[in-house]
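The chain contents come next:
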Amino acid sequence: MEVATLTWNVIGIAVLALAAVTARSVALAGFGLDSLIEIGASTVVLWELAGTGEKRQRQALRMIAFAFVALALYLIVQTAAVLVGGFHPHHSAAGIVWTALTAFVMFGLAEAKRRTGSALGNPVLITEGRVTFIDGLLAVAVLVGLVLNAALGAWWADPASGLVIVFYAAKEARGILGRR
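The structure reproduced in this document is the subject of the present report. (Residues numbered from 1 in each chain as written. Predicted model: local features only at pLDDT ≥ 70, side-chain atom pairs only at ≥ 80, totals over all residues. Heavy atoms only, no water.)

This paragraph deals with empty space enclosed by the protein. Going through the model one piece at a time under the given rule, you end up with 1 cavity of 30 Å³ or more. As a volume, the largest cavity reaches approximately 40 Å³. For the largest cavity, the full set of lining residues is Trp8, Asn9, Phe31, Asp34, Ser35, Thr102, Met106 and Asp135. Of all the elements in the fold, those that place two or more residues in the lining of the largest cavity are α1 (2-23), α2 (26-50) and α4 (93-120). (1 Å grid on protein atoms, 1.4 Å probe; cavity = no way out; pocket = protein on both sides within 12 Å on 5 of 7 lines; lining within 4 Å. Points joined across faces, edges and corners; volume = space filled by probe spheres on them. Helix = DSSP H or I, 4+ residues; strand = E, 2+ residues; numbered from the N terminus.)

Here it is, written out as structure tokens:
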């Protein structure tokens, strides 16, 4: 299951980067960066597990929190620039299709992780299932913004949906830093 999530995120970064640049979409860029953070967080966890000690664990947590803070700041600046400047992002059929597929895949993987984790009595897998579920919710938020922009010309919905990712990133960073 983890390999499927990782593979989906790696492919997604390429698709989202192309779609974000083509459409000049803040929401797609933010969602792609969130996928990159998910991969980075997994890498940091592997790095942390390769060593020992509380200091290494604190460093790993700070790295992940910093990535979420950087994502939130990037999206706030980009969203403000787009909204104040009145820039209208283009429609992105590829972005709509990818985020819809991502939501479908993430919700399916989340349920599979929950069921497997429950059957095995593994709280880590159950928790990872919740994280995967949140990835599905983020995909839905971005999808709503993209569809409103494409179907109704609501250009502001694209950057506004990126603010959902800002909220999530800030919440994650606060939670990580609060553990110290």
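That shown, we press on.
Before going further, it helps to spend a moment on the packing of aromatic side chains. Scanning the model with the defined rule gives 2 aromatic pairs in all. Ring geometry for phenylalanine 68 and tyrosine 168: centres 5.8 Å apart, planes at 90 degrees, overall edge-to-face. Residue phenylalanine 68 is found in helix α3 (residues 54-85), and its partner tyrosine 168 is found in helix α6 (residues 157-178); the two are separated by 100 residues along the sequence. Overall, phenylalanine 68 belongs to the buried group, its relative accessible area being 4%. (Phe/Tyr/Trp six-rings, centres within 6.5 Å; stacked < 30°, edge-to-face > 60°. Buried < 20%, exposed > 50% of the residue type's maximum accessible area, 1.4 Å probe, protein only.)

Glancing now at the environment of serine 161. Note that serine 161 resides in helix α6. Residue serine 161 is classed as buried on the basis of its relative accessible area of 7%. As for serine 161 and valine 142, which are separated by 19 residues in sequence, their C-alpha atoms are 5.4 Å apart. In contact with serine 161, not counting residues within four places along its chain, are Ala27, Ala141, Val142 and Gly145. Of note is the side chain of serine 161, whose polar atom sits 2.8 Å from the backbone oxygen of aspartate 158. (Contact = heavy atoms within 4.5 Å. Polar contact = N/O pair within 3.5 Å; in protein donor to acceptor, adjacent residues only side chain to side chain.)

The quantities given are spatial measurements derived from coordinates; they are silent on function.
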